[in-house]
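Residue-level listing of the chains:
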Amino acid sequence: MLTAATVALAALGGCAPPMVRLDTAGVKPSADFADLAAVLHRCVNSDGLLDLDAAAKCSDLLDAQVKKLAACGPDTQPALFPSSEDRLAYWYNARMAWELKLVVMGKYRDEPTPAQLEEWPFVVDGKERTLSQIDMILALDDDWRVVAAAPSVRLHRAELSDKPFEAAEIRPAVLRRYEKFLGDPRRWVIDIDRHSILVPPVLWRIHHAIIKNFEISYRTTGATLNAALGAGLSGPARRRLQDAVGYEAVEGPSNGPLAVVAKH
C-alpha cells in the first residue's frame, strides 16, 4: 500500500503515483458489490455529487471492495459475468469504486491532473489497469454511449451513481445517464461566446466513429458531431444541442474539477 508521503510527492510532481498494491490473500472471487453500495449510500447524493469528508471515513469499505475487484472480474472469473450486461455493470462499478479509492488515497479536493487520477495504476480483474484503460474497455461496447455515460467524480463527465449498477437495468440506465449528462450545463459545456461545444476527451477520441455510425444508421453523409450526439435525444439535452447548431465541436480539457458537495 502506498504511504501518504509517497502519494503527496507524486501529486506535487504531477506524475502518476506508483501502482496501488493490495494484499488479496484469502479474498474469494465474488460479484458482490455490497461494500460499494454502503460507500455510495453514505457519500454520493441524489445529484451525483461526492461528499469528500464522508468518503474519507469509508476507507475500510473501499479497501474491501477494491480487493474483491482486484481478485475477480470478467477475465478471471468469466462464469460470474456471463452476459455483456453483467460485464458492463462490473466495469461501471469497478470504475466508481477505484476512482473513489484513488480520490481518498490522494486526498484530492480540487482538480487532480489526469496523471494523478485517470492514469494512476491499480489492479482490477487480475491485471494492472487505470481508469483511462477502463474507459477504453467501455468504448469497445457496440453502443458508444456506454463510455459517455460512465460514472465519474469529474464534473465534466457523467455523474456518479448513488448505488451500484445491476446487469438487469444497465442498458436503460446508460440511455438515461447519457441524456442527463448532455442536458446538464455544468457537465456538458457549450461555450456560447466562442460558439463551440467542448466534447470530453473520452468521447473526442472516438468522435469520427460516432459520426460514421450516425451516417450509416441514417443513410446520410457529411454529418456533424453535434447531429450524431443528438440523435434520439429529447428534453433539455435535445434543446441544448439544437440551440448549438452551427457551433464547432472541439476537444474539451482532460482535467477538470471534482463534482463534490459544497461545504458551507
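Here is what the cut-offs are and how they apply
- Residues numbered from 1 in each chain as written.
- Predicted model: local features only at pLDDT ≥ 70, side-chain atom pairs only at ≥ 80, totals over all residues.
- Heavy atoms only, no water.
- Buried < 20%, exposed > 50% of the residue type's maximum accessible area, 1.4 Å probe, protein only.
- Helix = DSSP H or I, 4+ residues; strand = E, 2+ residues; numbered from the N terminus.
- Arc of directions from axis to C-beta.
- Contact = heavy atoms within 4.5 Å.
- Core = buried A, V, L, I, M, F, W, Y, C linked by side-chain atoms within 4.5 Å.
- Pairing = 2+ DSSP bridges.
- Phe/Tyr/Trp six-rings, centres within 6.5 Å; stacked < 30°, edge-to-face > 60°.
- Expected span 1.5 Å × (residues − 1).
- pLDDT = per-residue confidence, 0-100.

## Considering helix α6 (residues 131-139)
- For α6, the set of buried residues is L131, S132, I134, D135 and L138. Looking down the long axis of α6, one finds its buried residues gathered within 155° of arc, a one-sided arrangement.
- Looking at the buried positions of α6, the neighbouring elements they touch are α5 (84-106), β1 (122-124), α7 (145-148) and α9 (201-204).

## Let's talk about the nonpolar core
- Formed by 76 residues in total, the largest nonpolar core has its most connected members in L50, Y92, W98, W188, L203 and L229.
- With 14 residues, the top contributor of residues to this core is α5.
- The residues contacting W98, other than those within four sequence positions of it, are V20, L22, V66, L69, F122, V123, V124 and L131.

## Focus on the pairing of strand β4 (residues 196-199)
- Direction of pairing for strand β3 (residues 190-191) relative to β4: antiparallel, over a ladder of two bridges. Considered in β4, the bridge of I190 is made with I197.
- Connecting β3 to the antiparallel partner β4 that follows it, the hairpin turn spans four residues, and H195 within it adopts a positive phi of roughly 50°.
- Looking at chain direction, β4 and strand β5 (residues 248-251) are connected through four bridges and run parallel. Each residue of the ladder has a partner; that of L198, found in β5, is V250.

## Overview of the packing of aromatic side chains
- Tallying each qualifying case throughout the model produces nine aromatic pairs.
- Ring geometry for W98 against F122: centres 4.3 Å apart, planes inclined by 15°, an arrangement best described as stacked. In this pair, W98 sits in helix α5 while F122 sits in strand β1, placing the two residues 24 residues apart along the sequence.
- Centroid distance F181 to W188: 5.4 Å. Interplanar angle 90°. Geometry classified as edge-to-face.

## Examining helix α4 (residues 59-71)
- Along its 13 residues, α4 runs 18 Å from first to last C-alpha, staying within 8% of the 18 Å computed at 1.5 Å per residue.
- Taken as a whole, α4 has its buried residues at L61, L62, D63, Q65, V66, K68, L69 and A70.
- Looking at the packing, one finds that the buried side of α4 touches α2 (34-43), α3 (52-56), α5 and β1.

## What to know about the confidence of the model for the chain
- Counting all residues, the mean pLDDT for the chain is 92, and 94% of those residues have values of 70 or more.
- Ignoring residues within four places in sequence, the model shows residues 1-13, a span with pLDDT below 50, making 24 contacts including any to other chains.

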